[in-house]
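Below are the chains, spelled out letter by letter.
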Amino acid sequence: MSLLHAVGPTLDLREFRLLRDYVNQFCGIYFADDSAYIFERRLRERLRDLGLEDFVEYYRYLRYHPNAESELENAAEVLTTNETYFFREAYQLRAFTDEILPVVRARALARGAKRIDVWSAGCSSGEEVYTIAMLIEASGLFEGWDVRVFGNDISRRVLRKARDATYTSASFRAMISDYERFFISTDEGKQVHPRIRSMCHFGHLNLMNERRAAIVGRVDVTFCRNVLIYFDDTSRQKVLDSIYQRLHRGGYLLLGHSESLLQSGTAFEIAQLTTDIVYRRPIPYTELPPRKL
Ligand SMILES: C[S@@+](CC[C@H](N)C(=O)[O-])C[C@H]1O[C@@H](n2cnc3c(N)ncnc32)[C@H](O)[C@@H]1O
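Rules used throughout
- Each chain has its residues counted from 1, following the order in which its sequence is written.
- Local features in this predicted model are restricted to residues of pLDDT 70 or higher, and side-chain atom pairs are both shown and tallied only at a pLDDT of 80 or more, whereas totals for entire chains, interfaces and linings draw on every residue.
- Excluding hydrogens and water, the side-chain figures rest on all heavy atoms present in the structure.
- Residue exposure (1.4 Å probe, protein chains only): buried if accessible area is under 20% of the type maximum, exposed if over 50%, otherwise partly exposed.
- Only DSSP runs of H or I reaching four residues or more are called helices, and only runs of E reaching two or more are called strands; each is numbered from the N terminus.
- Pairing between two strands requires that DSSP report at least two bridges joining them.
- Any cysteine sulfur atom paired with another within 2.5 Å is treated as part of a disulfide.
- Identification of polar contacts relies on pairs of N or O atoms within 3.5 Å, with a donor-acceptor requirement for protein atoms, meaning one able to donate a hydrogen and the other able to accept it, and with residues adjacent in sequence counted only if both atoms are side-chain atoms.
- As used in this record, nonpolar core signifies buried Ala, Val, Leu, Ile, Met, Phe, Trp, Tyr and Cys residues forming a set joined through side-chain atoms within 4.5 Å.
- Each domain's extent was defined by an automatic or database domain assignment.
- The contact definition used throughout considers only heavy atoms, calling two residues in contact when any of these lie within 4.5 Å.
- Axes, fitted as lines to C-alpha atoms, cover a helix only where it is in contact. Angles between the N-to-C directions of the axes lie from 0 to 180 degrees.
- Here the angle decides the label: under 35 degrees means roughly parallel, over 145 means roughly antiparallel, 65 to 115 means roughly perpendicular, and every other value means oblique.
- Crossings are assigned a handedness: left-handed for a near helix turned anticlockwise from the far helix by less than a right angle, right-handed for a clockwise turn.
- Note on residue classes: Ala, Val, Leu, Ile, Met, Phe, Trp, Tyr, Cys and Pro are nonpolar, Asp, Glu, Lys and Arg are charged, and everything else, Gly too, is polar.

A.B. asks: Give a detailed account of the pairing of strand E8 (residues 247–255), specifying residues and quantitative values.
C.D. replies: E8 sits mainly inside the fold: eight of its nine residues count as buried. The pairing of strand E7 (residues 219–224) with E8 spans five bridges and is classified as parallel. Note that in E8 the partner of Val 219 across the bridge is Leu 247. Across two bridges, the pairing between E8 and strand E10 (residues 277–280) is antiparallel. Bridge pairing in E10 links Leu 253 to Tyr 279.

A.B. asks: Help me get a handle on the state of the cysteines, residues and values and all.
C.D. replies: This structure, assessed with the given rule, holds zero disulfides. Residue Cys 27 stays outside any disulfide, its sulfur separated by 13 Å from that of Cys 224, the closest cysteine. Using a relative accessible area of 3% as the deciding quantity, one classes Cys 27 as buried. Judged by relative accessible area, which is 0%, Cys 224 ranks as buried.

A.B. asks: Before we move on, could you go through the sheet that holds strand E4 (residues 183–186) and cite the residues and values that matter?
C.D. replies: Each strand in a sheet pairs with another by means of backbone hydrogen bonds, the pair being arranged parallel or else antiparallel. Read from one edge to the other, the open sheet built from three strands follows the order E3-E5-E4, with strand pairing classed as antiparallel. Edge strands, defined here as strands with exactly one partner in the open sheet, are strand E3 (166–167) and E4. Relative to strand E5 (residues 189–192), E3 runs antiparallel, the two being bridged by two bridges. Within E5, the residue paired with Tyr 167 across the bridge is Lys 190.

A.B. asks: Explain the side chain of Asp 153 residue by residue, including any values.
C.D. replies: Along the polypeptide, Asp 153 turns up in strand E2 (residues 146–153). There is a polar contact of 3.5 Å between the side chain of Asp 153 and the backbone nitrogen of Cys 123. Polar side-chain contacts of Asp 153 include one of 2.9 Å to the backbone nitrogen of Ser 155.

A.B. asks: Requested: an account of the nonpolar core, with residues and values cited.
C.D. replies: One finds Leu 19, Phe 39, Leu 43, Trp 119 and Leu 253 to be the most contacted residues of the largest nonpolar core, which totals 48 residues. Mapped onto this core, the elements with two or more residues apiece are helix H1 (13–27), helix H2 (36–50), helix H3 (55–64), helix H4 (68–79), strand E1 (115–121), E7, helix H9 (233–246) and E8. Ranked by residues supplied to this core, first place goes to H1 with six residues. Each of domain 1 (13–79) and domain 2 (90–287) contributes no fewer than three residues to this core. The residues touching Phe 39, leaving out its near neighbours within four places in the chain, are Leu 11, Phe 16, Leu 19, Arg 20, Val 23, Phe 31 and Leu 79. Judged by nonpolar contacts, the second largest core, of 44 residues, contains Ile 116, Ala 162, Met 175 and Val 192.

A.B. asks: Describe in detail the environment of Ser 139, supporting the description with residues and values.
C.D. replies: Mapped onto the fold, Ser 139 is located in helix H6 (residues 127–139). Ser 139 gets classed as partly exposed once you look at its relative accessible area, which sits at 22%. Spatially, the C-alpha atoms of Ser 139 and Leu 101 are 8.3 Å apart, while their sequence positions differ by 38 residues. Among all residues touching Ser 139, those that are not within four sequence positions of it are Thr 97 and Leu 101.

A.B. asks: Requested: an account of the packing of helix H5 (residues 90–111) against H6, with residues and values cited.
C.D. replies: For the pair H5 and H6, interaxial distance at closest approach is 11 Å and the crossing angle is 45°. Our classification of the angle between H5 and H6 gives oblique. Where H5 crosses over H6, the two elements pack in a sense that is right-handed. Contacts from Leu 93, Phe 96, Thr 97 and Leu 101 of H5 reach H6 at Thr 131, Ile 132, Leu 135, Ile 136 and Ser 139. Considered class by class, the residues forming the contact of H5 with H6 number six nonpolar, three polar and no charged.

In structure tokens form, the structure reads like this:
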């Protein structure tokens, strides 16, 4: 029985679950049974591009074709939501600037390093990465420091856009006028200033691949906003464990406003800031500075 009355190949429930679970294992994204029609509609585009008759053939392709890995990435690409914009969730960015950056600075100096590393996990077309770099630059706390903001995504298409760094109006819907100075007008749109671009790096990385996540190095802060909401619990836990491993002790994790770790068994501790709740990799008791008597 088809899940949808539509033109083109259709999925029955058994096929849907088979494909859904296979894609889920690869990239973490999960479609419940009641959103099968969205899954079917989006993947139909892949069948058309590959000239395949039905979803059973597509499943075989994903499992056994020499190009299976790259096709799994294509499937992830059509199934993901890439919505993003500059200065998304301003209250959280305020907490980052006013309360997190000064702590990160002090800890780095205590380690003897004038270096700050921030990771935007699931960065889409780069607006979040450049926002973070602009906030660091505008804080004035890191002049002469080695500043590195790294963004990764599973989609090569959005990463091309991120590296191009040129944006049109939809990306500026929450823009803050003070930061206009970090853009240059071009015929195609507004381009991020080279000074900010030089702090930002992008890489193709599937967050489900824990081994490859080592390319991120150690970071002071991770933003993973509006990514894990599309994952099932097991995949979410796997990615959170990997993020935890990449953070310095005392490093911070910032999730999207509708996301919380309260229900999950996690090693992160809660840090209650003035305008937001964020998460932190605990500092072992033995590494805490001695208390003044
Ligand atoms: C809704 S966007 C969020 C962008 C940005 N973090 C923000 O909050 O504005 C989610 C991004 O996560 C990416 N993504 C989803 N699953 C991923 C995975 N397994 N590995 C890497 N990126 C993934 C998607 O491709 C998409 O670009």
